[in-house]
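Overview (structure and organization)
Residues per chain are reported as follows:
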Amino acid sequence: MEHGLESIKKYVRAANYLTAVQIYLQDNFLLGRKLSFDDIKPRLLGHWGTCPGINLVYANLNYLIKKYNARMLFILGPGHGFPALQANLFIEGTLGKYYPDVTQNANGIGYMAKNFSWPYGFPSHSNPGSPGVILEGGELGYALSTAYGAVLDNPDLIAACVIGDGEAETGPTATAWHLNKFIDPATNGAVLPILHLNGYKISGPTIFGRMSNRELKALFIGYGYEPHIVDGKNLYEKTLQVMEDCYRSIREIQDRARKGASSELPPRFPMIILKTPKGWTGIKKLNGKKIEGNYLSHQVIASGAKTNKDELKAIDKWFRSYNFNELFNADSGFIDGVRELIPAPELLMGRNKHTFGGEEAMKPLILPTASEFSEDASVPGTMGSSSMRRAGLYLNKVFQLNKENKNFRLMSPDETYSNKLDAVFETTARAFMLPKEKWDKDLEPSGRVMEMLSEHSLQGMMQGYVLTGRHAIFASYEAFIQIISSMVDQYSKFIKIAREFPWRGDVPSLNYILTSSGWRQEHNGFSHQNPGFISNILHKHGCLVHVYFPPDGNSTLAVLKKCLSLRNAINVIVAGKTQEPRWLTPELAEKEMGNGLMTWDFASDPDPDIVISAVGDYLSKEALAAIDIIKQEASEIKVRFVNIMELSVLEIGNSECVVPWSFDSYFTHDKPVIFNFHGYPGTLKQILFDKENDNRRFSVHGYIENGSTTTPFDMQVRNETSRYHLAKEVFAKMAKAGVVSQDKSDQLIKKYDKKLEEHREFIKKYGVDPEEIENWQWTRNI
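For the structure given in this document, a descriptive report is provided here. All figures in this text were calculated on a predicted structure; none of them were measured in a lab.

Broken down by element type, the protein carries 25 helices and 24 strands. The C-alpha atoms of the protein give 30 Å as radius of gyration, which agrees with the globular expectation for 782 residues (28 Å, within 12%). Dimensions of the protein, computed from C-alpha atoms along their principal axes, come out at roughly 95 × 65 × 45 Å. Across the 782 residues of the protein, 63% fall into the buried class. A total of about 29,600 Å² of accessible surface is found on the protein, and carbon and sulfur atoms cover 49% of it. For the protein, the distance from the average position of its 88 positive side-chain charges to the average position of its 90 negative side-chain charges is 6 Å.

Below, the structure written as structure tokens:
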């Protein structure tokens, strides 16, 4: 241990020095002469305060890896501590492997330092260009859940996760501590959470930093952990001892579980609370103010060093305190005392195979055919089962086919039954490591359904699971998926940039099923009606994002199979769970999915006077009911119906990502087009904006924030997407076009205004929709 301890101390000195020079220097990287103003970068960017603690953790993990041949993954929550991570990647040689200019000599240090936080160089935060990284950590809160996702079905992997005390104040981190209750040590790896308490955020103290050790221990014992606190003097000795104790504890828990001898549920895994001063080993005081151990060391200390002699002198003194020349030779690199702490190449955390995607990390998913679960739709409009029931049967088969591979998970925030996906419980169960009552069902330690009422935790787990090469799908009420919009934003940025690095291989797609949509949340009311996630996701890069609105069960099956097959994408499926009509045969569903949209011949006339287009299952039904009314009331009006299954197909200009097609061949070049859209009208209008110089011929209906506890049809009425509203608009437009007389149009509009008023009075009196609405069938002579 003494020999290892000395190596750790030398390693940390080297890492601290390399961390600091990245932030400040553009020349004189080995301090061959006294620092001058010319040596300081013109723009100082970066964060110093958290970095020394990160370096201490990384060095000790390397010691464990080398001693025990352990496979570890490093996840850095405070991504602004990136200069520390990059310093460690430099020392272990990983950075040079992927950036050949970063050689382990003076030139390599110069290249790394000059390009840190520099345009077209290395970013200031963890990023996809950093080997071994699967979390940027720019937006705080997701490190711990990502770590837990990474160790699922990776029994030999330990994810060491550093959580900053600022990050620990976030809601997502607060819930993620509970994820230890879903990790079966018999089949999964382990997370070693390291709560790094340096006491301060950017401008003040942290909550955790001011809690007593007694309070901290009580909190984490309550969370189900065995907390180990490292603080005070002799930090190096204490850290090493605690790290080794934690590693042995993890392996003992796993060994007992894998031998069938484990009794405690859930097992009490260790976690570390590491207390180091903010800006440890840096400048102690400057300009009469305390720096080390205070928030003033959070970012750039002595930010005026480019022009202020006193601050430049303080920087010079600080840098020389590390005696880096004792640890590094300009030509031959690091001394043996540092090198001996570096693990074998295949065990380096920066080269962990799970973080690179590609064939080595990813097991392909075995998928059944969609037709195996399809239904007869030879007569359009025949009532069938719900789309979600079809999806549940399909996903159950996916679990069956991949039982041995252990590479598929369902994330579900307490809604698996409600969302009609419970067919999966024929094959698997919900993961659960807490004690069970005799009346509980579908709960098992080995369950593959991750059910927790925290969308943040499930999203983080899914990201960690997918980025380490496995497959998952997240099913949620449509309204409540919004809470993770920012997490999905961060993920989309990661995936977009990751594609720029050839050494990052393909990863499975992130898949969502949004159900219990606002259109059928009439029973829960306004709070449950929100299609905003769709609007947000469509702002992302077109090649990454696919948003599907399958109109029935057969098309849901086709879309689900496609989404689970895609790579490097974010797929959103919007599908209902209620009993609805079948419209497409399996063959037609595949055809429409391939093109993204399709003219439904059974509901269309040749050479139309007007086009009605729908996006979404409930909206398609209303559009078709409107066509039914039009044909009964004014058969001289020729209508074409176009169903849009993949909304991103309307991004016509993006030929790189979308199947080429002609807009006019579906929507004509001059006829009026009425869209009935599942989401906010403005979302679709943005997409249509540049489709025509004169887009006044387009009319978009959709959700306009009119909702309450009401009836399903009244939701359509309140938002002006009902069959009556669509028919009225058609009659008005066709009168203007001269297809029907103005008198006839006025009479029909008056008739359906009265229908709308009668409907309102009916539901006020009886509380349900009229039978003619509930039992509407496609009645047109086919």
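On we go.
In any sheet, the strands associate via hydrogen bonds between backbone groups, in a parallel or an antiparallel arrangement. Taken together, five strands build an open sheet; the order of strands is β20-β22-β21-β23-β24 and the sheet is mixed. Looking at the sheet topology across the chains shown, the edges are occupied by β20 (597–599) and β24 (698–701). Put simply, the sheet's adjacent strands are angled 20 degrees from each other on average, direction ignored. Pairing of strand β23 (residues 673–677) with β24 involves four bridges; the strand directions are parallel.

What the five strands build is an open sheet, ordered β1-β2-β3-β5-β4; its pairing is parallel. Two strands close off the open sheet at either side, each with one partner strand: β1 (71–76) and β4 (226–230). Pairs of neighbouring strands in the sheet enclose a mean axial angle of 20 degrees, with direction left out of account. With six bridges joining them, β1 and strand β2 (residues 157–164) adopt parallel strand pairing. Bridging across to β2, Phe74 finds its partner in Ala160. In the packing of helix α6 (residues 143–151) onto the sheet, the strands contacted are β1, β2 and β3 (190–197), and the crossing angle to β2 comes to about 175 degrees.

Scoring rules and cut-offs
- Residues numbered from 1 in each chain as written.
- Predicted model: local features only at pLDDT ≥ 70, side-chain atom pairs only at ≥ 80, totals over all residues.
- Heavy atoms only, no water.
- Helix = DSSP H or I, 4+ residues; strand = E, 2+ residues; numbered from the N terminus.
- Rg over C-alpha atoms; globule rule 2.2 N^0.38 Å.
- Buried < 20%, exposed > 50% of the residue type's maximum accessible area, 1.4 Å probe, protein only.
- Areas by Shrake-Rupley, 256 points an atom, 1.4 Å probe, with all protein chains shown as cover.
- Lys, Arg positive; Asp, Glu negative; His and termini not counted.
- Charge placed at Lys NZ, Arg CZ, Asp CG, Glu CD.
- Pairing = 2+ DSSP bridges.
- Axes fitted to C-alpha atoms, helices over the stretch in contact; angles between N-to-C directions.
- Contact = heavy atoms within 4.5 Å.

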